[in-house]
Amino acid sequence: MIQLAEPAVRTFSTAPTAPASRLTSVDVVRGAVMVLMALDHVRDYVTNLRFQPEDLQRASAALFATRWVTHFCAPAFFLLAGIGIGIAMRRGRTAAEMSRYLMTRGLWLLALELVITPVGWQFGFDLVPAFALVLWALGWSMIVMALLVHAPRSAVAAFSGVLIVGHNLLDGVRSEAFGRLAPLWQFLHVPGFIVPGGLFGGYPLIPWVAVMALGYLLAEAYGWDAERRRRTLIVAGLGAIAAFLLLRAIKGYGGPVAWTAQRTTALTIASILNLRKYPPSLLYLLMTLGPILVALALAERARGASARWLAVYGRVPLFFYVGHIFVAHLVAMGLALVQSGELRRVPIIHNPAAIPASHGVNLPGVYVAWAIVVILMYYPCLRFARLKETRRDWWIRYL
């Protein structure tokens, strides 16, 4: 298990040994959310249920919790990416250098989202309609950050704060109101087809880009002494959690869907936690970013085998993300072979009509399949982490 020891922003000895420039606490938290992300995708592939966990009329509290813990993943991706940008600049990267890198990496993420990952999701080459998901939003956010790194920090803070806190004021604005420019609003704030019949945007840019900008500002804390940084992260995290609880209790601003009493106490709690992700509401961000900030503080004292294991995944997040899609699909195909004697591609649950009724396992089986995928990804990630530490080829920076 993860053990707590004396504070250190420096890295600890592991295999592979982390470069001195890396922040182990960030790697540990990033690795944890990568592993949680895999749970969500594996569940999509191997579950025997044909409805979403957010459907509280049909779901159990355990099924909802399995989905809910993965809500921390996307906010962590954007926040930690922003922290990485800020730390790189604190360590001497100029705004011009960072801008070029972010523009190139952003375009690379868009290519991965639209060309490479669809092959893994479907084991086919039907690239249209394309689905613009988390890499799409990360890529565009980096492209925007390529501009924001030239702006004063006060301007970036205003940009981030206004979008995170105020974007729910735009919920009543419909795409149709923009006429021919409706796809632009779907790109920015409303899930829908950006290119009719060709490109569906599932992750609108607002407010995800603001979360990355927030991480960029937060990176300043990594120049402080460890105690001040941990104290600030914990206070900020607990403050976000308290704001979430208060606003949710009074059914106030920031949560378009109000919670309701359910048939059990556990499901009523699930209703309170059942928040909009597409795009993420203010309450969703408070609920997720608060614990992430606390986790970043606690991870600075993390030691032990679990911390070293998570840090391996956290050092190569993009490699893990792309690779786990293919591995999860292969595991699902193996399950199909065992259950039906047929080796075939497996559509994920978002297309339930295409999934044979006989396919899938119960929730404990989902967790077994998840463990298999995470274990299978460990040594490839370990080897690639070592490659990144020993090679300086330009292309490695983009993986």
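Keep in mind that this is a model prediction, so the values were computed, not measured. All residue numbers refer to positions counted from 1 along the written sequence of the respective chain. Residue-level local features of this predicted model are given only where pLDDT is at least 70; pairs of side-chain atoms are given and counted only at 80 or more, and the full residue set underlies all totals for whole chains, interfaces and linings. Hydrogens are left out, water is left out, and the side-chain values use all remaining heavy atoms of the structure.

Draft legend 1. Broad picture of a nonpolar patch on the surface. Each patch is built from residues lacking any salt bridge and having more than 30% relative accessible area; the joining distance is 9 Å for like charges and 5 Å for nonpolar side chains (Val, Leu, Ile, Met, Phe, Trp, Tyr). Areas reported as accessible are Shrake-Rupley estimates using a 1.4 Å probe. Residue values count occlusion only from the protein chains shown. Salt bridge criterion: a side-chain nitrogen from Lys or Arg within 4 Å of a carboxyl oxygen from Asp or Glu. Together, Val-165, Leu-169 and Tyr-253 give the surface a local cluster of nonpolar side chains, amounting to about 300 Å² of exposed area. A helix here means a DSSP run of H or I that spans at least four residues, while a strand means a run of E at least two residues long, and both kinds are numbered starting from the N terminus. Position of Val-165 relative to the elements: it lies in helix H6 (residues 153-166). Exposure classes here rest on a 1.4 Å probe applied to the protein chains alone. A residue is buried below 20% of its type maximum, exposed above 50%, and partly exposed in between. On the accessibility criterion, Val-165 (48% relative accessible area) is partly exposed.

Draft legend 2. Quick peek at the environment of Leu-138. Considering the arrangement of structural elements, one finds Leu-138 in helix H5 (residues 134-148). Its relative accessible area of 10% is what places Leu-138 among the buried residues. Between the C-alpha atom of Leu-138 and that of Val-312, which follows or precedes it by 174 residues, the distance is 21 Å. Any two residues whose heavy atoms approach within 4.5 Å at even a single point are treated as in contact. When sequence neighbours within four positions are dropped, the list of residues in contact with Leu-138 reads Phe-77, Phe-78, Leu-109 and Met-212.

Draft legend 3. Structural detail: the side chain of Thr-47. Assignment of secondary structure puts Thr-47 in the loop between helix H1 (24-46) and helix H2 (61-68). The term polar contact refers here to a pair of N or O atoms within 3.5 Å; inside protein, the definition further demands a hydrogen-donor-capable atom paired with an acceptor-capable atom, and it admits residues adjacent in sequence only when both atoms are side-chain atoms. Of the polar contacts made by the side chain of Thr-47, one reaches the backbone nitrogen of Leu-49; its length is 3.1 Å.

Draft legend 4. Inspection of the sheet that holds strand E3 (residues 192-195) at higher detail. Any two strands with at least two DSSP bridges between them are considered paired. If you walk across this open sheet you meet the three strands as E2-E4-E3, and the pairing is mixed. Among the strands making up the open sheet, the edge pair consists of strand E2 (130-132) and E3. Geometrically, the sheet is characterised by an average inter-axis angle of 35° between neighbouring strands, direction not taken into account. Fitted lines through C-alpha atoms give the axes, limited to the stretch in contact for helices. The angle between two N-to-C directions lies from 0 to 180 degrees.

Draft legend 5. Here's a closer look at the confidence of the model for the chain. Confidence scores per residue from the predictor, reported as pLDDT, run from 0 to 100. Per-residue confidence for the chain gives a mean pLDDT of 91, with 94% of residues at or over 70. For residues 1-20, every residue scores under 50 in pLDDT, and the model assigns this stretch 60 contacts once sequence neighbours within four places are set aside.

Draft legend 6. Summary view of the packing of H1 against helix H11 (residues 282-299). Two elements in contact, H1 and H11, have axes separated by 8 Å at closest approach and are oriented at 130°. As the angle between them shows, H1 and H11 are arranged oblique. Relative to H11, H1 is oriented so that their crossing is right-handed. Seen from H1, the contacting residues are Ser-25, Val-26, Val-28 and Val-29; seen from H11, they are Ala-295, Leu-296 and Ala-299. Every angle not falling under 35 degrees, over 145, or within 65 to 115 is termed oblique; those three ranges are roughly parallel, roughly antiparallel and roughly perpendicular. By convention, the crossing between two helices is left-handed when the near helix turns anticlockwise from the far helix through less than a right angle, and right-handed when the turn is clockwise.

Draft legend 7. Seen up close, the environment of Ala-76. Counting through the fold element by element, Ala-76 comes out in helix H3 (residues 73-90). Along the backbone, Ala-76 and Val-211 are 135 residues apart, and their C-alpha atoms lie at a distance of 8.9 Å.

Draft legend 8. Layout of the state of the cysteines. Here, the term disulfide refers to a pair of cysteine sulfur atoms separated by no more than 2.5 Å. Under the definition given, this model contains zero disulfides. Residue Cys-73 stays outside any disulfide, its sulfur separated by 15 Å from that of Cys-381, the closest cysteine. A relative accessible area of 4% means that Cys-73 is categorised as buried. We classify Cys-381 as buried; its relative accessible area is 0%.

Draft legend 9. Focus on the pairing of E3. As defined by bridge partners, E3 adjoins strand E4 (residues 199-201) across three bridges and the pair is classed as antiparallel. Residue pairing for E4: Phe-193 is matched across the bridge by Phe-200. The hairpin formed by E3 and E4 contains three residues between the paired strands, and Gly-197 there has a positive phi angle of roughly 75°.

Draft legend 10. Representation of H5. Look at H5: 20 Å from first C-alpha to last across 15 residues, which is about the 21 Å you get at 1.5 Å a residue. Burial within H5 is extensive, with twelve of its 15 residues counted as buried. The set of residues buried in H5 consists of Val-134, Leu-135, Trp-136, Ala-137, Leu-138, Gly-139, Ser-141, Met-142, Ile-143, Met-145, Ala-146 and Leu-148. Any helix carries an expected span of 1.5 Å times its number of residues minus one.

Draft legend 11. Expanded view of the pattern of salt bridges. For the structure shown, the criterion picks out 14 salt bridges. For Glu-227, the salt bridge goes to Arg-301, with nearest N and O atoms at 3.8 Å. Of this pair, Glu-227 sits in helix H9 (residues 226-249) while Arg-301 sits in the loop between H11 and strand E5 (302-303), placing them 74 residues apart in sequence. For Glu-227, a relative accessible area of 40% puts it in the partly exposed group. Between Arg-229 and Glu-300 there is a salt bridge, and its shortest N-O distance comes to 2.6 Å. A residue pair is termed long-range when its members are at least 10 positions apart, and Arg-229 in helix H9 and Glu-300 in the loop between H11 and E5 qualify at 71 residues. The two residues Arg-229 and Glu-300 agree in class, both being buried.

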